[in-house]
Amino acid sequence: MPGAILVDSEAIAVRNITKRYGTLNAVNNISFAVRQGEFFGFLGPNGAGKTTTVRMLTGIIEADDGVALIKGSRAGSLKAKQMAGVVPETANAYIDFSGWDNLMLMAELYGVASGKAKERSQALLESLGLIERKDSLVKTYSKGMRQRLILGMALVSDPEVLFLDEPTSGLDVQSARLIKDLLRSLNAAGKTIFLTTHDMDEANQLCDRVAIINKGQIVAIDAPEKLRTATRGRNSVEVSFRSGVNSESLAKLAGVKELEKVGDKYRLYTDNPSELVATLVDYSRAAGLKIVTLNMLAPSLEDAFVALTDKEARHA
Amino acid sequence: MPELSMAWQQFRRALVIASKDIRIYYFKGPVVTFGVLFPIFLFLSFAIGRHLTIDFMIPGLLGMILFFTATAISPVVMPWEAQARTLERLMSCPIKPQTIVMGDIIASFAFGAAISVVPIIIGLVLGITISNPMIFVSAIILATVCFAALGITFSIPPSNLPATINMIASVVRFPVVFISGIFIPLNELPVWGQWIAYISPLTYFTDIARDSIQGQGYLSPIIDFAALIGFTVVFLVVAMYMHRKTMPARI
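Along every chain, residues carry numbers that run from 1 in the direction the sequence is written. By the order in which they are written, chains take letters starting at A while ligands take numbers starting at 1. Local features in this predicted model are restricted to residues whose pLDDT is 70 or higher, and side-chain atom pairs enter the listing and the counts only when it is 80 or higher, whereas totals over whole chains, interfaces and linings include all residues. Side-chain metrics rest on all non-hydrogen atoms present in the structure, leaving aside hydrogens and water.

A. A look at the overall build of chain A. When helices and strands are tallied, chain A shows 11 helices and 14 strands. Dimensions of chain A along its principal axes, counting C-alpha atoms only, are 75 × 50 × 35 Å. Whether a residue is buried, partly exposed or exposed follows from its accessible area with a 1.4 Å probe, protein chains only, as a fraction of its type maximum: under 20%, in between, or over 50%, in that order. Residue burial in chain A is summarised as follows: out of 316 residues, 50% are buried. Note on contacts: a residue pair qualifies if any of its non-hydrogen atoms lie within 4.5 Å across the two residues. The long-range fraction of contacts in chain A, counting pairs at least 24 apart against all pairs at least 6 apart in sequence, stands at 67%. Surface accessibility of chain A: about 14,600 Å² in total, with carbon and sulfur atoms responsible for 48%. Measuring between centres, the 39 positive side-chain charges of chain A sit 0 Å from its 38 negative side-chain charges. Starting at the N terminus, helices and strands are each numbered in turn, a helix being any DSSP run of H or I of at least four residues and a strand any DSSP run of E of at least two. Using the Shrake-Rupley algorithm and a 1.4 Å probe, accessible areas are obtained, with residue cover drawn only from the displayed protein chains. As used throughout, the charge tally considers Lys and Arg to be positive and Asp and Glu to be negative, leaving His and the chain termini uncounted. Note on charges: their place is set at NZ of Lys, CZ of Arg, CG of Asp or CD of Glu.

What follows is the structure, encoded as structure tokens:
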């Protein structure tokens, strides 16, 4: 399996890795590379192979075929693991330990010198907003606090590459935002970050590039903006009114191809958004309605994602 | 010597795992109950009403306590960790699967060895003498490693239900206690009974303990030690090799 050529600027190099479970190819012959210092997103629907891929990269399971290198060392080797910080998908800290003890445990398992470990833990707990609860047992932490602690546990060894599997999934807004801000500043400080998520907004806000995986195969890999703009059509105008409106009459406006009610707003799909805006303004004036918001929407990353994964589904 | 420094580093990390195990798992109430009180009661139910000498009883009691304590927790640590979702985090650390197994064995060893002091003190208070303390202590250490490693092999099947693993453990543990010369010494067993006794590592420890305390073993201490070493090596190799295979199936 050598043959894998490592380019110096690559923090993660994946060549043709495959993982089979019985007859199912959970991950089917995928290849990609993540550059040094890059914030890389790994998107896909549930069961697409995201977690299987992260587990192969972090050495929790072995690939059946292919090779993955972390900074030149084979994924799963002690050397590769030593350079990586990991936030597994469903991980937990030791609930019978305090937050502080969990950090110390990780530091010892990564061989971090005690003085350095204490210094880093102190700083991490402060930036994670956990310093006041550092001596409480993790049992008493909320879900958001636990997830922040787990991120701290991944960072206590000051890893060069960070793997995060759905780190903000199911979290309260504050915790999710804190984690995202921290990831951004880590990336700005030069850390390579590999993030799996099914949250398109998150990927869009954070990632330099994203790969979209579906049914164990990569269907697209590019910058979020490029993926977005490459998705054809589906322009829309989103409008909300102060008072109730007859949705049928909205749907009948010229140029509206499809109407969707989104919360208290209406999304009108059209081929010509600017014309539709004018139509809407005229309509509201004539009907005596007051417009609260009016936005033109280009295809989102989510649209790109749906288009790409749907196409795959149809082919299959 | 990169291999040597790597081995040393992994050993130190195994100690970290062991200390974590002891702090989290070994101070639970049921642990002490099952590991210590249970064998004492089992033994008392056998000994009470029969006119047995202290010299005969203490080696048996010691063997049983050592065997039960060293195998009490080690089988369920792995399923507990998998259920608590801490195993995956551990597996992503720069440690080998064997290091995790070794850590669990060390914790189990420390617990068994510490608890073995209880029956020894009881014995000394009641007036036993230990003829060769060096041999006696070495046997305790070796046997505890052996039983701790045996305990870990019970959790090789990748079930994350502690009850399932405990059932497997009990199926092995109880018969072993009855065939190991604890209740009936080796020399009083029929030949077929002796042959069954020889497949149990506990037999050899009990024999050394009888040699040290009663002044008479049935087998030569050299055979006892050789057998214990043999069992230990087999259990260690099986535990390390098989857990490496089955650990990914737990997550």
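B. Region of interest: the overall build of chain B. Of regular secondary structure, chain B possesses 12 helices and 0 strands. Along chain B, helices and strands appear, N-terminal first, in the series α-α-α-α-α-α-α-α-α-α-α-α. The proportion of buried residues among the 251 residues of chain B is 53%. Of all intrachain contacts in chain B linking residues separated by at least 6 positions in sequence, the fraction that spans at least 24 positions is 80%. When the accessible surface of chain B is totalled, it reaches about 10,700 Å², and 74% of it is carbon and sulfur. Computing the positive centroid from 14 side-chain charges and the negative centroid from 10, chain B places the two 14 Å apart.

C. Representation of the domain arrangement of chain A within the structure. Note that the domain bounds were set by an automatic or database domain assignment. If you check the domain split of chain A, you get domain 1 (37-58 + 75-222) and domain 2 (235-298). Once you take the C-alpha centre of each, domain 1 of chain A and domain 2 of chain A turn out to be 42 Å apart.

D. Local environment of the pattern of salt bridges. Whenever a carboxyl oxygen of Asp or Glu lies within 4 Å of a side-chain nitrogen of Lys or Arg, that contact is scored as a salt bridge. Within this structure, the stated rule accounts for 18 salt bridges over all chains. A salt bridge links E38 of chain A to R35 of chain A, with the nearest nitrogen and oxygen atoms 3.4 Å apart. For E38 of chain A, a relative accessible area of 3% corresponds to the buried category. Where R55 of chain A meets E88 of chain B, a salt bridge forms, and the shortest distance between an N and an O atom there is 2.9 Å. Of this pair, R55 of chain A sits in helix α1 (residues 50-57) while E88 of chain B sits in helix α5 (residues 87-91), which puts the two residues in different chains. Accessibility assignment for this pair places R55 of chain A and E88 of chain B in one class, buried. If you follow the salt bridges from partner to partner, you end up with R35, E38 and R209 of chain A in one network.

E. Examining the sheet that holds strand β6 (residues 84-87) of chain A more closely. Residues and elements named next belong to chain A. An order of β6-β7-β8-β3-β9-β10 is seen for the 6 strands of this open sheet, with the pairing classed as mixed. Unpaired on one side and paired on the other, β6 and β10 (217-222) mark the two borders of the sheet. When strand polarity is set aside, the average angle formed by the axes of neighbouring strands in this sheet is 15°. Two strands pair if DSSP finds at least two bridges between them. Where strand β7 (residues 161-165) lies against strand β8 (residues 192-197), 5 bridges are found, and the strand directions are parallel. Its bridge partner being in β8, V161 is matched across the sheet by T192. Its contacts with the sheet place helix α5 (residues 143-155) against β6 and β7, and it is angled at close to 165° to β6. Note on geometry: axes are C-alpha line fits, over the in-contact stretch for helices, and angles between N-to-C directions span 0 to 180 degrees. Each of β3 (39-43), β7 and β8 touches helix α6 (residues 173-188); the most contacted strand, β8, lies at about 150° to it.

F. Molecular detail of the interface of chain A and chain B. Between chain A and chain B, the contact holds 27 residues from the first and 26 residues from the second. Note on chain A versus chain B: buried area summed over both sides is about 2,400 Å², and carbon and sulfur give 62% of it. Two parts placed together each lose some accessible area under a 1.4 Å probe, and adding up what both lose gives the buried area. Interface area lost by chain A to chain B is led by L78, Y94 and L109 of chain A, which between them contribute 28%. Between D101 of chain A and R23 of chain B there is a salt bridge; the shortest N-O distance is 2.7 Å. N or O atoms within 3.5 Å of each other form a polar contact, as long as, within protein, one can give a hydrogen and the other can take it, and as long as residues adjacent in sequence are counted only when both atoms are side-chain atoms. Remark: the boundary between chain A and chain B carries 11 residue pairs in polar contact (both at pLDDT 80 or more). Of all the secondary-structure elements, those providing two or more residues to the side of chain A that touches chain B are α2 (78-83), α3 (99-109) and α5 of chain A. Counting residues per element, the side of chain A that touches chain B draws most heavily on α3 of chain A, which supplies 5 residues.

G. Seen up close, the sheet that holds strand β13 (residues 265-270) of chain A. All names here are of chain A. Within the open sheet, the 4 strands sit side by side as β12-β13-β11-β14. Their pairing is antiparallel. Each of the sheet's edge strands pairs with one partner strand only, and the pair in question is β12 (258-262) and β14 (291-297). Pairs of neighbouring strands in the sheet enclose a mean axial angle of 20°, with direction left out of account. As paired strands, β12 and β13 are joined by 5 bridges and run antiparallel to one another. Looking at β13, one finds that K261 is bridged to Y266. Sitting on the sheet, helix α10 (residues 273-287) is in contact with β11 (235-241), β13 and β14, with an inclination near 165° to β14.

H. Main features of unusual backbone geometry. All names here are of chain A. Of note in the backbone geometry, N16 takes a positive phi value of approximately 50° without being a glycine. Along the chain, N16 falls in strand β1 (residues 10-21). You can call N16 partly exposed: its relative accessible area is 40%. Despite not being glycine, D158 has its phi angle at roughly 50°, a positive value. Here D158 falls in the partly exposed class, since its relative accessible area comes to 41%.

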